[in-house]
Amino acid sequence: MRLSARRQDVFLAVGLAVLASVVAVSFGSGRRPDALGWTLLLALHVPLAWRRRAPLTVLCVMIPLIAFYHQQEYDHSAPTAASMVLLYTVAVTGSTRRTVTIGCAVIALMLVLKAGHGMAGVAVSFQITGWIVSMLVLGGYLRVHRQLTEAALERAERAERTREEEARRRVAEERLRIARDLHDLLAHSITLIGVQTSVAAHVLAEDPGRLDRAAVAKALDDIADTCRSARGELRTTLEVLREHGTADTRGPLPGLDALPDLAATARAGGAKVDLSVGTGAGIPAAVGAAAYRIVQEALTNAVRHGGRADLTVRVGVHERDGALRVDVTDDGAGSGSAPPGFGLVGMRERVRSVGGTLDAGPLDELGERAGFTVSAVLPLRARGEEGEW
């Protein structure tokens, strides 16, 4: 089990005291400690137990004891290890300015104590100064190294958090995309199936004696085609969940070339669709997919809420002024009292995903002019860039 820092310091102080005692009775310069010398020698090791908690306090306590010990000419080698540990601790726990200040003060005190020893004192002073500078430099180096290591670890942890946040953001965006796709697909398909079923039921109930088998067969064929188309698109969407796919494994996105199929499906639902597409080559896939989904949702809403047998929907998709403009207008009765759904919300999210704008709302009711309009402007280039998406 790993010892606490306080226990480590206590054991260090005890170990250094034992080492100092052995040195004092074995070798070194100066006289062997007497009762006062032993008291000073052992007492100056006690503060080392708090060296990491209060290094300056330990310094202020130990320096006078060490200076007094040397002034009494006791064995000068005995407290050397404790002195070096003290200087190392001051350097490793403080700033560079504080370390330099304390080092200069300790060297000055040492020179004062050695001033009366002549040339021998000068030689010893140089030797002790070298040890003092070495301990201070070692402590300062380890302090800087520790700070750099901690900074590197913090950057690594921050980068890891950023990657996790980015992964969560991508998952949330993917879930939102799948939810939008499923909403558009199911709402469009179910609405058309409902309209086509109503057509078949109307034909069966209108005149059972003169059953129009061709009309019923066409309505049922339209329902089957809608189901097949929905099933294929649903399979493509759900493969992302099954295979943990990314943007590269989603398969081809629906684009402007599929707009005639949307118009034909809406016509099978009883609406008159006037489709006009005027675009050049090089439409970004994301913009084309957004335009497709906007038209799909607008046609679905028109068929669902039109409320007219002769509903007319005008769809225009044109490239103008560096943007793809999508306009869908119908002359139906509007949503009426139907509960609000997620269609307009999904359209706005799709438009924002490519940096565009969307306007949607009922037309001005002037005379017979009623209905609903959806107008979107989808830029063909990324914001702030001259190149395409």
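Residues numbered from 1 in each chain as written. Predicted model: local features only at pLDDT ≥ 70, side-chain atom pairs only at ≥ 80, totals over all residues. Heavy atoms only, no water.

Engineer: Outline the overall build of the chain, listing residues and values.
Structural biologist: Of regular secondary structure, the chain possesses ten helices and five strands. Here the chain holds 389 residues, and 38% of them are scored as buried. Counted over contacts in the chain with a minimum sequence separation of 6, partners at least 24 positions apart contribute 69%. Accessible surface, the chain: about 22,600 Å² in total, of which carbon and sulfur atoms supply 60%. (Helix = DSSP H or I, 4+ residues; strand = E, 2+ residues; numbered from the N terminus. Buried < 20%, exposed > 50% of the residue type's maximum accessible area, 1.4 Å probe, protein only. Contact = heavy atoms within 4.5 Å. Areas by Shrake-Rupley, 256 points an atom, 1.4 Å probe, with all protein chains shown as cover.)

Engineer: An account of the nonpolar core is needed here, citing residue identities and associated values.
Structural biologist: Judged by nonpolar contacts, the single largest core of 35 residues is most densely connected at Val-295, Val-326 and Leu-378. Counting only elements with at least two residues in this core, the list comes to helix 6 (118-206), helix 8 (259-268), helix 9 (285-305), strand 2 (312-320), strand 3 (323-330), helix 10 (343-353) and strand 5 (372-379). For this core, the leading source of residues is helix 9, giving ten residues. Among residues more than four places away in sequence, those in contact with Val-326 are Ala-291, Ile-294, Val-295, Gly-316, Val-317, Val-374, Ser-375, Ala-376 and Leu-378. (Core = buried A, V, L, I, M, F, W, Y, C linked by side-chain atoms within 4.5 Å.)

Engineer: An account of the pairing of strand 2 is requested, with residue identities and associated values reported.
Structural biologist: Both strand 1 (residues 272-278) and strand 2 contribute to a ladder of seven bridges, which runs parallel. Opposite Ser-276, over in strand 2, you have Gly-316 as the bridge partner. Examined bridge by bridge, strand 2 and strand 3 share eight bridges and lie antiparallel to one another. Looking at strand 3, one finds that Val-313 is bridged to Asp-330. Counted along the chain from strand 2 to the antiparallel partner strand 3, the turn is two residues long, and its residue Asp-321 has a positive phi close to 55°. (Pairing = 2+ DSSP bridges.)

Engineer: Which residues make up the sheet that holds strand 2, and what are the values?
Structural biologist: Spatial ordering of the open sheet is given by 1-2-3-5-4, a layout of five strands whose pairing is mixed. Of all strands in the sheet, those bounded by a partner on one side alone are strand 1 and strand 4 (357-362). Strand-to-strand, the axes of this sheet are offset by a mean angle of 5°, without reference to chain direction. Relative to strand 5, strand 3 is paired through eight bridges, and the arrangement is antiparallel. Paired with Arg-325 across the bridge in strand 5 is Val-377. Packing of helix 10 onto the sheet brings it into contact with strand 4 and strand 5, and relative to strand 4 it is tilted by some 160°. (Axes fitted to C-alpha atoms, helices over the stretch in contact; angles between N-to-C directions.)

Engineer: Tell me about the side chain of Arg-51, residues and numbers included.
Structural biologist: For Arg-51, the position within the fold is in the loop between helix 2 (35-43) and helix 3 (55-71). A distance of 3.1 Å separates polar atoms of two side chains, one belonging to Arg-51 and the other to Asp-9. A distance of 2.8 Å separates polar atoms of two side chains, one belonging to Arg-51 and the other to Thr-89. Among all residues touching Arg-51, those that are not within four sequence positions of it are Asp-9, Leu-12, Val-58, Val-85 and Thr-89. (Polar contact = N/O pair within 3.5 Å; in protein donor to acceptor, adjacent residues only side chain to side chain.)

Engineer: Talk me through the environment of Pro-284; I want residue IDs and the actual numbers.
Structural biologist: Counting through the fold element by element, Pro-284 comes out in the loop between strand 1 and helix 9. Judged by its relative accessible area of 11%, Pro-284 falls in the buried class. Sequence separation between Pro-284 and Gly-255 is 29 residues; the distance between their C-alpha atoms is 9.4 Å.

Engineer: Can you break down the packing of helix 3 against helix 5 (residues 96-113) residue by residue, with the values?
Structural biologist: The geometry of helix 3 relative to helix 5 is characterised by a closest axis approach of 12 Å and an angle of 10° between their N-to-C directions. Taken together, the axis directions place helix 3 and helix 5 in an arrangement best described as roughly parallel. Only Arg-98, Ile-102, Val-106, Leu-109 and Leu-113 of helix 5 make contact with helix 3, whose side of the interface consists of Pro-55, Leu-56, Leu-59, Ile-63 and Ala-67. (Parallel < 35°, antiparallel > 145°, perpendicular 65-115°, else oblique.)

Engineer: Hey, could you go over the pattern of salt bridges for me, with residue numbers and the actual values?
Structural biologist: When charged atoms on two side chains of opposite charge get close, those side chains can pair. According to the stated counting rule, one finds six salt bridges in the structure shown. Between Arg-52 and Asp-9 there is a salt bridge whose closest N-O contact spans 3.0 Å. Placement of the pair is Arg-52 in the loop between helix 2 and helix 3 and Asp-9 in helix 1 (residues 5-26), with a sequence separation of 43 residues. In this structure Arg-52 comes out as partly exposed when scored by relative accessible area, which is 38%. Across the pair Arg-169 and Glu-166 runs a salt bridge whose closest N-O atoms are separated by 2.4 Å. Of the two residues, Arg-169 and Glu-166 both sit in helix 6, three residues apart, roughly one turn of that helix. With relative accessibility at 38%, the residue Arg-169 sits in the partly exposed group. By relative accessible area, which is 28% here, Glu-166 ends up partly exposed. Three or more residues joined by partner-sharing salt bridges are found here, namely Asp-9, Arg-51 and Arg-52. (Salt bridge = Lys/Arg side-chain N within 4 Å of Asp/Glu carboxyl O.)

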